[in-house]
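So the chains spell out like this:
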Amino acid sequence: MSTNPEIIEQRLKASGHRLTKTRKALLNTLISSARPLSIEDMGAQLKVQGIAVNKTTIYREVDFLLKQKLLEEVRLDPERRYYEFALGTHHHHIRCLSCGAIEDVSSTALEQATKQVKAGTMYQVIDHMMEFAGLCPACQR
Ligand SMILES: [Zn+2]
Ligand SMILES: [Zn+2]
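Predicted model, so just to flag it, every value in this text is computed and none were measured. (Residues numbered from 1 in each chain as written. Chains lettered and ligands numbered in written order. Predicted model: local features only at pLDDT ≥ 70, side-chain atom pairs only at ≥ 80, totals over all residues.)

The next point concerns the environment of Ala52. Topologically, Ala52 is positioned in the loop between helix H3 (39–48) and helix H4 (55–67). Judged by C-beta crowding, with 10 C-beta atoms within 10 Å, Ala52 ranks as exposed. A sequence separation of 30 residues divides Ala52 from Thr22, and the C-alpha atoms of the two residues are 9.1 Å apart. (Helix = DSSP H or I, 4+ residues; strand = E, 2+ residues; numbered from the N terminus. Buried ≥ 20, exposed ≤ 12 C-beta atoms within 10 Å, placed from the backbone.)

As structure tokens, then:
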């Protein structure tokens, strides 16, 4: 995983930006999260770490990190925007159809599928889209 915070710090400094305390905490929160986060989620997690930031600040930081290509938007929920660290390992998502919870999932079966598609079509495969939907453990009860 290329999630070394020092590399990110260098990257920001190289483009003339600073890694403020809030920015650093927000990035670390996103890097260590096992699921994409909404603006509300980020606010709640920063609060737990003792960092009080208002929504406007988080929006501004997210906007900045998107422009730096350190974050990417995850389009899974039509009513809410989710974001995740852009330089993590490749993975997919599963969404609960009942409560809307979203989590990261990874599967090696996809590499196999990509090889099969390549061999079957002679295409150079550049991208794919896949997501799972179901009922989370809490909603199954
Ligand atoms: Zn659920
Ligand atoms: Zn994810």
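Looking now at the nonpolar core. Residues Ile8, Leu12, Leu26, Leu27, Leu30, Leu37, Met42, Val62, Leu65, Leu71, Tyr83 and Phe85 constitute the largest nonpolar core, which totals 12 residues. For this core, the elements supplying multiple residues, two or more each, are helix H1 (5–14), helix H2 (21–32), H4 and strand E2 (80–85). In terms of residues, this core owes the most to one element, H2, which gives 3 residues. (Core = buried A, V, L, I, M, F, W, Y, C linked by C-beta atoms within 7 Å.)

Residues at a pLDDT of 70 or more form 98% of the protein chain, whose mean pLDDT is 90. Mean pLDDT across the secondary structure elements of the protein chain bottoms out at H1, with 82, and peaks at helix H6 (residues 137–140), with 97. (pLDDT = per-residue confidence, 0-100.)

Glancing now at the UniProt feature "binding site: Fe cation" (unreviewed entry) in the protein chain. Mapped onto this numbering, the UniProt entry gives "binding site: Fe cation" (unreviewed entry) at His90, Glu111 and His128. In sequence the annotated residues extend across 39 residues, while in space they remain close, none of their C-alpha pairs exceeding 11.3 Å. Here His90 is to be found in the loop between E2 and strand E3 (92–96). Among the residues examined, His90 registers 8 C-beta atoms within 10 Å and is labelled exposed. Tracing the chain through its elements places Glu111 in helix H5 (residues 109–121). By the C-beta count within 10 Å, which is 10 here, Glu111 ends up exposed. (UniProt positions renumbered as here; feature names shortened; annotations may be inferred.)

The next subject is the sheet that holds strand E5 (residues 131–134). Sheet strands pair by backbone hydrogen bonding; their relative direction is either parallel or antiparallel. In space, the 3 strands of this open sheet follow the order E4-E3-E5, with mixed pairing throughout. With one partner strand each, in any of the chains shown, strand E4 (102–105) and E5 form the two edges of the open sheet. Between one strand and the next, the sheet's axes are offset by a mean angle of 25°, whatever the strand orientation. Alignment of E3 against E5, held across 4 bridges, turns out to be parallel. By the bridge assignment, His93 is partnered in E5 with Glu131. (Pairing = 2+ DSSP bridges. Axes fitted to C-alpha atoms, helices over the stretch in contact; angles between N-to-C directions.)

Note that an α-helix has 3.6 residues per turn; residues three or four places apart therefore point the same way. Spanning 13 residues, H4 covers 18 Å between terminal C-alpha atoms, matching the ideal 18 Å at 1.5 Å per step. Listing the buried residues of H4 in full gives Glu61, Val62 and Leu65. Considered in projection along H4, the buried side chains sweep an arc of 100° and stay on one side of the axis. For H4, the exposed residues lying more than 90 degrees away from the buried face are Thr56, Tyr59, Asp63 and Lys67. Turning to H4, the residues buried within the fold contact H2, H3, strand E1 (71–77) and E2. (Expected span 1.5 Å × (residues − 1). Arc of directions from axis to C-beta. Contact = placed C-beta atoms within 7 Å.)

So, on to the environment of Asp41. Tracing the sequence through the fold places Asp41 in helix H3. Sequence spacing of Asp41 and Val105 is 64 residues, and the spatial spacing of their C-alpha atoms is 19 Å.

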